[in-house]
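Geometric and topological summary
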Amino acid sequence: MTHETATSLPVRTAHRHEAQAHAHAHVGGAKPPTHRNLGLTPSWHIGALAAAAAAALALGVWSMTQVDPLRIGGAGLIGALPPAYFVALALSLAGFVASLSLRRLVPALLTWQLIVTVVLLDGADPIIHGLPRLEASFRHMGIADTISQSGQLDPTLDAYFNWPGFFNLLGMLSGATGAKDLFGIATWAPVGINILLLAPLLALARRLTANPRQAWAAVWIFYLASWIGQDYLSPQAYSFVLLLTLIACLLSVFGGWAWPTERTKFSRWLARNVSKLDSSVPRYGAVEPLRADTAVLVVVCALLLLAMTASHQLSPFAVIPILAVLLLTGRLRLRFLPVLAVVLPMGWLLFAASTFLEGHFGQLLGSLGDIGANSLGALSTRVSGSDAHVFVVYTRMAEVALVWILAVAGAIVGYRRKAPWLAAAAAALAPLVLIPLQPYGGELLLRLYLFSLPFAVCLAVLPLMSENTAGLSLRRALGLLLMGAVLATATVVSRYGNDGMESFNDDEIAVVNRLYSTAPTGAVLIEAVRNTPWRYQHYADYDYRALVAAEPIPNAAPLSCDAVNQIAHKAGAYLIVTESQKEAAELRGSTPIGDLQRFTATCATSPGWTKVYENAGGVIFHIEGVSNGN
Amino acid sequence: MATERSYVSYATAAVALAAVPLSFVGPEGLRLAVIGLLMLAGPGTALVLLLRFDPPRSAQATGALPLSIAIAIAFSLAMSTLVATAMIYARLWSPPAGVCVLSLVTLAFLGLELKRPKRALVRAK
């Protein structure tokens, strides 16, 4: 990468250049470089900052290898991390702010700093646990495995097979490489996906902020505030990469009004009010390809939409309002694209996902218009469980509130400074129009935070940074560092607050492997609580059941052996109880405290129950059915 | 800059060519690395090179670099997804054939790029 902006100013001309920077700032222009204003940052400064980042990486990785997973309690990973980790994190944060404060931005240095931050914040799965996070990761590997081996979809099996694009991709990778499993890829997915997000985030931030320094800061804050953990091997993470690239491409290549602003009364009114609110015309990061290349990029954008539509239920619907507001704020001149963004997911739902639609029509539309249930209702059910877990939930809420407060302040500052703010504000708010549609399994607010965050951070940097393109003042740098430290610490709590239930160990994988080697194909497999690292193979070969979901259940009833006996009544069944199930039950309040231990101890002595296997990770029981002589 | 473009073109072509035999046979680690790289960035890199999405080396023009990388990755992932999905719905599932299609697309873009007049450069602001 080249050195990025003309910010190293000869002392004698500094004032003149700064004045020019101020003059250009309201139109988002960066000063063109000259041979005179480059190269004043000594190379050893850059080298020292790069070395400091390397030291932070080494210290952070080493400190994470010292974590004893058994010490991870109800508040998650933060209680088990050694002080050296926080020293490394602080060094990384300070290094980024120092790099950002250099008079001449060095993109390679800033990229390196961001990668270090990503590894420190998102690298716990590969470094501490060595296994993929979340039981969903294991299911996703199983779906890819099923598709890879059979080359067919069974849309009746579950929703994933109605939006199979991402799993087809994984299946092709697995099938063409002969890889027996994708454990390595799934384990490193959070780090890899966040690094993949860097380019689209930066391209997007360049088009939504006034200068490159703000754009880099916005990307940094995105990583610090991105706690929701949807960056595992999932269709959501994949679609998010496509979504950000799509929006960045549209803003960079297809900016401007989609119609002549003088054509109608409405268009005149709209253009006048948009101009009144935000008169800046940011040019930085815009590209003007040749006509033929522009046509190719239109096709690329349509293909990105199509791939997203085939892969994920929610993301294509989140794109629609974002495109609509960009169209209405004069930042998207492709009128047909929002229409295509509506037609594709609706068409997919009606034709390719018709099996799912028939079986879930009531569920899809049952909450339509129920804003309270889809937002605050879903939120209030999460404020439950153990005291430590409630603390984690409140930390998450506080972090979201902080980001939004900064974004609102940024919008006000942007309006006053005549800096670009309207497009970012509109795009940050746009996904919220999905709230009345449905709760998305209680996760809608989390997903909306994810969709809004890349835009919100472009506003959040405005109160923290000046318009001056030539470095950061000490006061601003300290303020930015303080805010970064608050967000990063909160993210360690909020992202890894459920670490006890979301991470797994080799003993649990051994139990699951033993289950598959013991149970005949087609057998009923029961998990006590829905939080087992299974189905990464034989996804469609067994009848999988769960006694309770890993969700908060007010006044949860104790588990009973009869519930298992009833399922096993006909042909028998296998029951698996793992440590992560116990953690999930305790953390979320799915069962009374200590109930899972009581359940296994009591049922182990029941007639027809045989303990098949047990290790530190869990236990397997076989329950005989009628046909087996019980 | 032209030299850098050439290196990227050669590397992309090498990955596309190597992926074809490796999609049928070879050590698992090598297959995963080469085919994974092709699916992650192959067709998109070739497309970006074709579009001349790399502006001249200047402070103003570097604005296009993150966008180029983003499009290279997203287009490659989208193409891989759409090829795999088309094979599934057409009941023609064959992962090695899918990789060959991606290799062909990549090489076709690189071939078109070679034929394109050199002055067709993007203007970046």
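Calculation criteria
Sequence positions are assigned chain by chain, starting from 1 and proceeding in written order. Here the convention is simple: chains get letters from A, ligands get numbers from 1, in the order in which they are written. The model is predicted, so local features are restricted to residues of pLDDT at least 70 and side-chain atom pairs to those at 80 or more, both for listing and for counting; the totals for chains, interfaces and linings are taken over all residues. Remark: hydrogens and water are excluded; side-chain values derive from all non-hydrogen atoms of the structure. Helix numbers and strand numbers start at the N terminus; a helix is a DSSP run of H or I with at least 4 residues, a strand a run of E with at least 2. Each radius of gyration reported is based on C-alpha atoms, and the globular scaling rule is 2.2 Å times the count of residues to the power 0.38. For every residue, the accessible area (1.4 Å probe, protein chains only) is compared with the maximum for its type, and the residue is labelled buried under 20%, exposed over 50%, or partly exposed between those bounds. Residue contacts are defined here by distance: any two heavy atoms, one from each residue, within 4.5 Å place the two residues in contact. Note that accessible areas follow from Shrake-Rupley with a 1.4 Å probe, and for residues the cover is restricted to the protein chains shown. In this tally, Lys and Arg are treated as positive and Asp and Glu as negative; His is ignored, and so are the chain termini. Charge positions come from single atoms, namely NZ of Lys, CZ of Arg, CG of Asp or CD of Glu. Pairing between strands requires that DSSP locate at least two bridges from one strand to the other. What counts as an axis is a line fitted to C-alpha atoms, over the stretch in contact for a helix, and the angles between N-to-C directions run from 0 to 180 degrees. For this text, the term disulfide refers to a pair of cysteine sulfurs within 2.5 Å. Two parts placed together each lose some accessible area under a 1.4 Å probe, and the buried area is that loss summed for both. The term salt bridge refers to a pairing of a side-chain nitrogen on Lys or Arg with a carboxyl oxygen on Asp or Glu at a separation within 4 Å. For the purposes of these results, a polar contact is taken to be a pair of N or O atoms within 3.5 Å, where, inside protein, one atom must be able to donate a hydrogen and its partner to accept one; residues adjacent in sequence count only when each atom of the pair is a side-chain atom. The labels follow the angle: roughly parallel below 35 degrees, roughly antiparallel above 145, roughly perpendicular from 65 to 115, and oblique for the rest. Two helices crossing with the near one rotated counterclockwise from the far one by less than a right angle form a left-handed crossing, whereas a clockwise rotation gives a right-handed crossing. Each residue is assigned to one class: nonpolar for Ala, Val, Leu, Ile, Met, Phe, Trp, Tyr, Cys and Pro, charged for Asp, Glu, Lys and Arg, and polar for all the others, Gly among them. Each Phe, Tyr or Trp ring (for Trp, its six-membered ring) is paired with any other whose centre lies within 6.5 Å, and the angle between the two planes then decides the class: stacked below 30 degrees, edge-to-face above 60, tilted in between. Over a ring means this: the NZ of a Lys or the CZ of an Arg is within 6 Å of the ring centre and within 35 degrees of the ring normal. Put simply, buried Ala, Val, Leu, Ile, Met, Phe, Trp, Tyr and Cys residues joined by side-chain atoms within 4.5 Å make one nonpolar core. Where each domain begins and ends is defined by an automated method or by a domain database. Residue-level confidence of the predictor, termed pLDDT, takes values from 0 up to 100.

Here the focus is the overall build of chain A. Looking only at helices and strands, one finds 25 helices and six strands in chain A. For chain A, whose C-alpha radius of gyration is 26 Å, the value lies close to the compact-globule estimate of 25 Å for 630 residues. Seen through its principal axes, chain A has C-alpha atoms that stretch 95 × 55 × 45 Å. Split into buried and exposed, the 630 residues of chain A put 59% on the buried side. Counted over contacts in chain A with a minimum sequence separation of 6, partners at least 24 positions apart contribute 78%. Surface accessibility of chain A: about 23400 Å² in total, with carbon and sulfur atoms responsible for 63%. If the 41 positive side-chain charges of chain A are averaged to one point and the 37 negative ones to another, these points end up 19 Å apart.

To continue, consider the sheet that holds strand β4 (residues 573–578) of chain A. What holds strands together in a sheet is hydrogen bonding between their backbones, with the strands either parallel or antiparallel. Residues and elements named next belong to chain A. Spatial ordering of the open sheet is given by β3-β2-β4-β6-β5, a layout of five strands whose pairing is mixed. For this open sheet the edge positions go to β3 (543–548) and β5 (609–615), each flanked by a neighbour on one side alone. Neighbour-to-neighbour, the strand axes of the sheet open up by a mean angle of 20 degrees, direction not taken into account. In this sheet, β3 lies alongside strand β2 (residues 524–529) in parallel orientation, the contact comprising five bridges. Looking at β3, one finds that Glu-527 is bridged to Ala-546. Contacts from helix α22 (residues 506–518) reach β2, β3, β4, β5 and β6 (618–623), with the element oriented near 140 degrees to β5. Docked against the sheet, helix α24 (residues 579–588) engages β2 and β4, running at close to 65 degrees with respect to β4.

All names here are of chain A. Scanning the model with the defined rule gives one disulfide over all chains in all. Between the sulfur atoms of Cys-561 and its disulfide partner Cys-603 the distance amounts to 2.0 Å. Measuring the twist about the S-S bond at about -95 degrees, one finds the Cys-561-Cys-603 disulfide to be left-handed. One end of the pair, Cys-561, is in helix α23 (residues 561–568); the other, Cys-603, is in helix α25 (residues 595–604), and 42 residues separate them in sequence. Judged on exposure class, the residue Cys-561 and its partner Cys-603 are both buried.

For the rest of this paragraph, the subject is the interface of chain B and chain A. On the side of chain A, 61 residues touch chain B, which itself brings 53 residues to the contact. Taking both sides of the interface into account, the surface hidden between chain B and chain A amounts to around 4600 Å²; carbon and sulfur atoms contribute 74%. At the junction of chain B and chain A, the tally comes to two salt bridges. A salt bridge links Asp-293 of chain A to Arg-116 of chain B; the shortest N-O distance between them is 2.7 Å. Along the contact surface separating chain B from chain A lie eight residue pairs in polar contact (both at pLDDT 80 or more).

So, about the side chain of Ser-76 of chain B. Residue and element names in this part refer to chain B. Mapped onto the secondary structure, Ser-76 falls in helix α3 (residues 64–89). Judged by relative accessible area, Ser-76 falls into the buried class, the value being 0%. From its side chain, Ser-76 meets the backbone nitrogen of Gly-42 in a polar contact 3.4 Å long. Contact partners of Ser-76, with chain neighbours within four places excluded, come to Leu-38, Met-39, Leu-40, Ala-41, Gly-42, Pro-43, Gly-44, Thr-45 and Ile-71.

Unusually for a residue other than glycine, Leu-134 of chain A sits at a positive phi of about 70 degrees. Looking at the element boundaries, Leu-134 of chain A is found in the loop between α5 (124–129) and α6 (135–150). You will see that Arg-91 of chain B, though not glycine, has its phi angle at about 55 degrees, which is positive. Looking at where Arg-91 of chain B falls in the secondary structure, it is placed in the loop between α3 and α4 (95–115). Arg-91 of chain B sits in the exposed class, given a relative accessible area of 64%.

Turning our eyes to something else, we now look at the environment of Leu-38 of chain B. Residues and elements named next belong to chain B. On the secondary structure map, Leu-38 appears in helix α2 (residues 28–50). In this structure Leu-38 comes out as buried when scored by relative accessible area, which is 0%. Once the C-alpha coordinates of Leu-38 and Ala-14 are considered, the two residues, 24 residues apart in sequence, prove to be 10.0 Å apart. Those residues in contact with Leu-38 that sit more than four places away from it in its chain are Val-15, Ala-16, Ala-19, Pro-43, Ser-76, Val-99, Leu-102, Ser-103 and Thr-106.

This part takes up the packing of helix α12 (residues 291–311) of chain A against α3 of chain B. Contact geometry of α12 of chain A with α3 of chain B gives a least axis separation of 9 Å together with a crossing angle of 55 degrees. Here α12 of chain A lies oblique to α3 of chain B, going by the angle between them. Taken as a pair, α12 of chain A and α3 of chain B cross one another with a handedness that is left-handed. For the pair formed by α12 of chain A and α3 of chain B, the contact residues are Leu-297, Val-300, Leu-303, Leu-304, Leu-306, Ala-307 and Ser-311 of chain A on the first element and Ile-71, Ala-74, Phe-75, Ala-78, Met-79, Thr-81 and Leu-82 of chain B on the second. Considered class by class, the residues forming the contact of α12 of chain A with α3 of chain B number twelve nonpolar, two polar and no charged.

Residues and elements named next belong to chain A. Summed over all chains, the structure comprises 26 aromatic pairs over all chains. Counting every residue linked through ring pairs, the aromatic cluster contains Phe-138, Phe-183, Phe-504, Tyr-516, Trp-534, Tyr-536, Tyr-542 and Tyr-544. If you follow Arg-535 out to its NZ or CZ, it ends over the ring of Tyr-539, 4.1 Å from the centre.

All right, on to the pairing of β6 of chain A then. By the criterion of burial, β6 of chain A is predominantly enclosed, with six of the six residues buried. Counting the residues in the hairpin turn of β5 of chain A and β6 of chain A gives two residues.

Residues and elements named next belong to chain A. Taken as a whole, this structure holds 14 salt bridges over all chains when the rule is applied. Ionic pairing is found between Arg-133 and Asp-125, a salt bridge with its closest N-O pair at 2.8 Å. Accessibility classification places Arg-133 together with Asp-125 in one group, the buried group. With its nearest N and O atoms 3.0 Å apart, the salt bridge here joins Arg-545 to Asp-543. For Arg-545, a relative accessible area of 33% puts it in the partly exposed group. One network of salt bridges, in which partners are shared, links Asp-125, Arg-133, Asp-499 and Glu-502.

Moving on, we get to the nonpolar core. Membership of the largest hydrophobic core comes to 206 residues, with the highest contact counts inside it found for Leu-100 and Leu-525 of chain A. Ranked by residues supplied to this core, first place goes to α3 of chain B with 15 residues. Both domain 2 (41–131) and domain 3 (504–628) of chain A contribute no fewer than three residues apiece to this core. If we skip the residues at most four places from it in the chain, Leu-100 of chain A touches Leu-105, Leu-110, Arg-213, Trp-216, Ala-217, Met-465, Leu-472 and Leu-480 of chain A.

Another aspect to go through is the confidence of the model for chain A. For chain A, the mean per-residue pLDDT works out to 89, and 92% of the residues sit at or above 70. Contacts for the low-pLDDT stretch residues 1–29 of chain A, under 50 throughout, to residues beyond four places or in other chains number 81 contacts.

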